[in-house]
Amino acid sequence: MEIYQADTIEKYNRYFGFETRHPLVGIVHFDSSVPQNSHTMAFGFYALFLKKTTGCRINYGKTNYDFDDETVVSFAPGQTVGIYRLEDGPVPESVGLLFHPDFLHRTPLGKKIKQYSFFSYASNEALHLSTEERMILQDYMDKIARELQHPIDRFSKSLIISNIEVMLNYCMRFYERQFVTREELNHSTLGKFEQLLDDYIDNGLGATEGIPTVKYFADKICLSPNYFGDLVKSETGKTAQEYIQLKMLNFAKSSLSEPQLNTKQIAELLGFQYPQHFIRFFKKQTGITPREYRLHLN
């Protein structure tokens, strides 16, 4: 299927027949009046969709997901997304917020937009909403839509951005709620991560695979790195990177107590290409070098 390059909101609106009221931000409504054929689209802007009914499948990367009612899915610039109509399914209904990165230039939101990590979640990591949560997000969509109907003045941009930021903050809150309500599933995922990480380090896979990365384990568990990282943070209080480094440090300390292993060998087992990189890592974590740590053991 040919990929449609929606690098601007104008191009996106043209594809579906929506009116463009502002070149850098928009609210779009999908229902039975809008032609919704299967398509693959490359986004050049941020998009957040509040989906109200079943009727389509979204594909991002290697993941397919059949959506239930009342879910939120979001995309960031540079992502390519496939939308597929389900056979004999109802016409999908949704409302979407679109905003281009250029709209955020020289604004506080522009400086912290990357903090909203859910824009890089995979489609199977959608936000599932309660009725009350849906109404909150719908309310802010409506406020932005009304502002776009208003003639542009010196307050327009700040008011729209303020409403976008509040919406994104609510999404962060609702995702944290979702992490809590999926506690059993999260514990299972964390257990898989810990087992994979222990096997990686204890079996010396670093010698062939390199230093363990968040992406490596996220891929193994079939989650996006951002969602995986947020899940680990919600369960442990540590970032996934900090958790990996703690395991590496514990292995290094244990190995340094074994006289038959020298610093170069330990560095190789952990995936460091050069011993000095391992020494720098160890000193940053402990305040002393591996040699000094060994001297303290005697």
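Just so it is clear, the model here is predicted, and its values are computed rather than measured. (Residues numbered from 1 in each chain as written. Predicted model: local features only at pLDDT ≥ 70, side-chain atom pairs only at ≥ 80, totals over all residues. Heavy atoms only, no water.)

**Q** Before we move on, could you go through the overall build of the chain and cite the residues and values that matter?
**A** Scanning the chain from N- to C-terminus turns up twelve helices and ten strands. For the chain, the spread of C-alpha atoms along the three principal axes comes to 75 × 50 × 40 Å. Considering only contacts in the chain between residues 6 or more positions apart, those separated by 24 or more positions represent 73%. Split by element, the accessible area of the chain, about 15800 Å² in all, is 49% carbon and sulfur. (Helix = DSSP H or I, 4+ residues; strand = E, 2+ residues; numbered from the N terminus. Contact = heavy atoms within 4.5 Å. Areas by Shrake-Rupley, 256 points an atom, 1.4 Å probe, with all protein chains shown as cover.)

**Q** Before we move on, could you go through the sheet that holds strand S10 (residues 127–128) and cite the residues and values that matter?
**A** Here five strands make up an open sheet; going across it, the order is S2-S9-S4-S7-S10 and the pairing antiparallel. The open sheet is flanked by strand S2 (25–30) and S10, the only strands paired with a single partner. Contacting S2, strand S4 (46–51) and strand S9 (94–99), helix H1 (residues 9–16) crosses the sheet at an angle of about 20 degrees to S2. (Pairing = 2+ DSSP bridges. Axes fitted to C-alpha atoms, helices over the stretch in contact; angles between N-to-C directions.)

**Q** Which residues make up the pattern of salt bridges, and what values go with them?
**A** When their charged atoms lie close together, side chains carrying opposite charge are able to pair. This structure, assessed with the given rule, holds ten salt bridges. Between Asp7 and Lys11 there is a salt bridge; the shortest N-O distance is 3.1 Å. Across the pair Glu19 and Arg21 runs a salt bridge whose closest N-O atoms are separated by 3.2 Å. Connected via shared salt-bridge partners are Glu194, Asp198 and Lys247. (Salt bridge = Lys/Arg side-chain N within 4 Å of Asp/Glu carboxyl O.)

**Q** Tell me what's going on with the nonpolar core, and back it up with residues and numbers.
**A** Phe99, Ile164, Leu168, Phe193 and Phe228 are the most contacted members of the largest nonpolar core, which totals 64 residues. Sort the elements by how many residues they give to this core and helix H4 (residues 156–181) lands first, with nine residues. Filtering out sequence-adjacent residues up to four positions away, Ile164 remains in contact with Val25, Leu97, Phe99, Phe103, Leu109 and Ile144. With 17 residues, the next largest nonpolar core counts Ile9, Tyr12, Val34 and Phe49 among its residues. (Core = buried A, V, L, I, M, F, W, Y, C linked by side-chain atoms within 4.5 Å. Buried < 20%, exposed > 50% of the residue type's maximum accessible area, 1.4 Å probe, protein only.)

**Q** Requested: an account of the environment of Ile9, with residues and values cited.
**A** Residue placement: Ile9 occurs in helix H1. When the C-alpha atoms of Ile9 and Phe43 are compared, they prove to be 9.0 Å apart, with 34 residues separating the residues in sequence.

**Q** Tell me what's going on with the pairing of strand S3 (residues 39–43), and back it up with residues and numbers.
**A** The buried count for S3 comes to five of five residues, which makes it a mostly enclosed element. Of the two faces of S3, the one carrying His39, Met41 and Phe43 and the one carrying Thr40 and Ala42 are both buried. Bridging between strand S1 (residues 3–6) and S3 involves four bridges; their strand directions are parallel. Bridge pairing in S3 links Gln5 to Ala42.

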